[in-house]
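What follows is each chain in one-letter form.
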Amino acid sequence: MKIKFWGTAAGLAEAHRHCTSVLIEINDAYYILDFGAPVEHLIAKEKIEIGKIKAAFVTHMHADHAETLVSFAKLYAKFTDFLYAPASVRLYMPDGVNAFYAWLEALNLDMSERMEMIKIEEGIIFDSEALRVKAVRTEHLGKDKPSYAFVFEAEGKKVLFTGDLVGDFHDFPYGEQYDLIVCELAHGEMHELKSCLERARCGNVIFYHMTSEATLIEKLGVNRIGVLEADKDSLGFHYQLAYDGMEIEL
C-alpha cells in the first residue's frame, strides 16, 4: 500500500499546502480520500490513468475536504466519454448526493453512468480482492450530520484515516490494532489528542490536516505543531508531520 499526501492544510490552503486530500495506491489501482486539493489537476500532473482510479471517499462535507468534487466529477461527464470511457468510479459521500447532482446539473454537466454516487452508511462500504474499507461514524459535524473515519485494509496492513474529530476526541475509532494512524491535527485540546493516541497503542502516526503558516497560527492562538515538537521525546508514540507530496509505503 502506497500513500501520497496531495493536500495537508486545514481549513484554508497555504502557500505550500493544498487543502486535505490523499491518494492511496494498491496493486496498481488508485483510491482517493477527500477533495480539498485540486484533484483533477494533480491527476493530470502525475499522469494517472483514469481507468486505474477505482473509488473515492469523502470524510465529511466541509469545503476543505470536498471543494474539488465537481472538477473530479467532470472527468466522468458524458463529454469526456471520447477520452476516458469505459473508465468508471464509485464516489462515496456522507451526505449531499442529491444536492451534488443538482449542482452538476446547474453547471450543465451531463453526467455519464461511469460515476456512481453512493451515500455512506457505517460499516464495510467497499470490499474487493485488493481492498476493504470500513466507515466509522464520527461526530465532527455533530450527531445530526454524518462524518466518518475510514479504515483501509489491504496487503495485510490496516490504516486508520481519522478524518476530522470532535474537540475531546471521544469519537476516535478505538477497538482495532492499526499499522498506521493518519490523524488530523486541527481540532481539540492537544493533551486530549496525545492521550488518545497513546491509548490507541499504535507506534506509527502521521499527522495531516494542519496549520503551519505563522500568520494563521497567530490568529488561531495555538501552535499544535509546536506543542508536538516540544513534547516529542515524552510521547508514547512515534509520529511524522505530513507535507504535500509526501509518500510512504507500508
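Here, the structure is the one placed above.
Residues numbered from 1 in each chain as written. Predicted model: local features only at pLDDT ≥ 70, side-chain atom pairs only at ≥ 80, totals over all residues. Heavy atoms only, no water.

Student: I keep staring at the overall build of the protein and nothing clicks. Help me out?
Tutor: Scanning the protein from N- to C-terminus turns up eight helices and 14 strands. Against the globule reference of 18 Å for 250 residues, the protein gives a C-alpha radius of gyration of 18 Å, in line with a compact fold. Over its C-alpha atoms, taken along the principal directions, the protein stretches across nearly 55 × 40 × 35 Å. Contacts in the protein between residues at least 24 apart in sequence constitute 59% of all its contacts with a sequence separation of at least 6. For the protein, the exposed surface amounts to about 11,700 Å²; the carbon and sulfur share of it is 48%. If the 25 positive side-chain charges of the protein are averaged to one point and the 40 negative ones to another, these points end up 2 Å apart. (Helix = DSSP H or I, 4+ residues; strand = E, 2+ residues; numbered from the N terminus. Rg over C-alpha atoms; globule rule 2.2 N^0.38 Å. Contact = heavy atoms within 4.5 Å. Areas by Shrake-Rupley, 256 points an atom, 1.4 Å probe, with all protein chains shown as cover. Lys, Arg positive; Asp, Glu negative; His and termini not counted. Charge placed at Lys NZ, Arg CZ, Asp CG, Glu CD.)

Student: Just checking my understanding: could you explain the nonpolar core for this structure?
Tutor: One recurring pattern in soluble globular proteins: nonpolar side chains tend to sit buried together. Counting residues in each nonpolar core, the largest one holds 33 residues, and the members touching the most others are Ile32, Ile43, Ile53, Phe72 and Leu91. Of all the secondary-structure elements, those providing two or more residues to this core are strand S3 (29-33), helix H1 (39-45), strand S4 (53-57), helix H3 (69-74), strand S5 (89-93), helix H5 (97-106) and strand S6 (115-119). At four residues, the largest contribution of residues to this core is made by H3. Contacts of leucine 91, omitting those with residues within four sequence positions, involve Phe35, Ala56, Val58, Leu69, Phe100, Met115, Glu116, Met117 and Ile118. (Core = buried A, V, L, I, M, F, W, Y, C linked by side-chain atoms within 4.5 Å. Buried < 20%, exposed > 50% of the residue type's maximum accessible area, 1.4 Å probe, protein only.)

Student: Explain H5 to me, please; I cannot follow it from the model alone.
Tutor: Residues spaced three or four apart along an α-helix point in a common direction, a consequence of the helix completing one turn every 3.6 residues. Among the residues making up H5, those that are buried are Val97, Phe100 and Leu104. Summarising the axial view, the buried residues of H5 lie within an arc of 60°, below the 170-degree limit, and thus occupy one face. Those residues of H5 that are exposed and aimed more than 90 degrees away from the buried face are Asn98, Ala99 and Glu105. Residues of H5 that are buried make contact with H3, S5 and S6. (Arc of directions from axis to C-beta.)

Student: So what exactly am I meant to see when it comes to the side chain of serine 147 here?
Tutor: Within the secondary structure, serine 147 sits in strand S9 (residues 147-154). Here the side chain of serine 147 touches threonine 138 through a polar contact of 2.7 Å, side chain to side chain. At 3.3 Å, the side chain of serine 147 and the backbone nitrogen of histidine 140 are in polar contact. Apart from the residues lying within four places of it in its own chain, the contact partners of serine 147 are Thr59, His60, Val136, Arg137, Thr138, Glu139, His140 and Leu141. (Polar contact = N/O pair within 3.5 Å; in protein donor to acceptor, adjacent residues only side chain to side chain.)

Student: Sorry if this is basic, but what is going on with helix H6 (residues 190-200) here?
Tutor: Inspection of H6 places Met190, Leu193, Lys194, Cys196, Leu197 and Ala200 among the buried residues, and these make up the whole buried set. The buried residues of H6 occupy an angular sector of 160° when projected down its axis, which confines them to one face. In H6, the exposed positions that point more than 90 degrees away from the buried face belong to His191 and Arg199. Directly after H6, the chain includes arginine 201, whose backbone phi takes a positive value near 55°.

Student: Explain the pairing of strand S10 (residues 157-161) here, please?
Tutor: Looking down a regular strand, the side chains alternate between one sheet face and the other. Of all five residues in S10, four are buried; the element is thus mostly enclosed. Bridge analysis of S9 against S10 gives five bridges, and the strand direction is antiparallel. Within the sheet, the bridge partner assigned to phenylalanine 150 lies in S10 and is phenylalanine 161. Connecting the antiparallel pair S9 and S10 is a turn made up of two residues, with glutamate 155 showing a positive phi of about 55°. Pairing analysis gives three bridges linking S10 to strand S11 (residues 180-185), with the strands arranged parallel. Among the inter-strand pairings, leucine 160 is bridged to a residue of S11, identified as isoleucine 181. (Pairing = 2+ DSSP bridges.)

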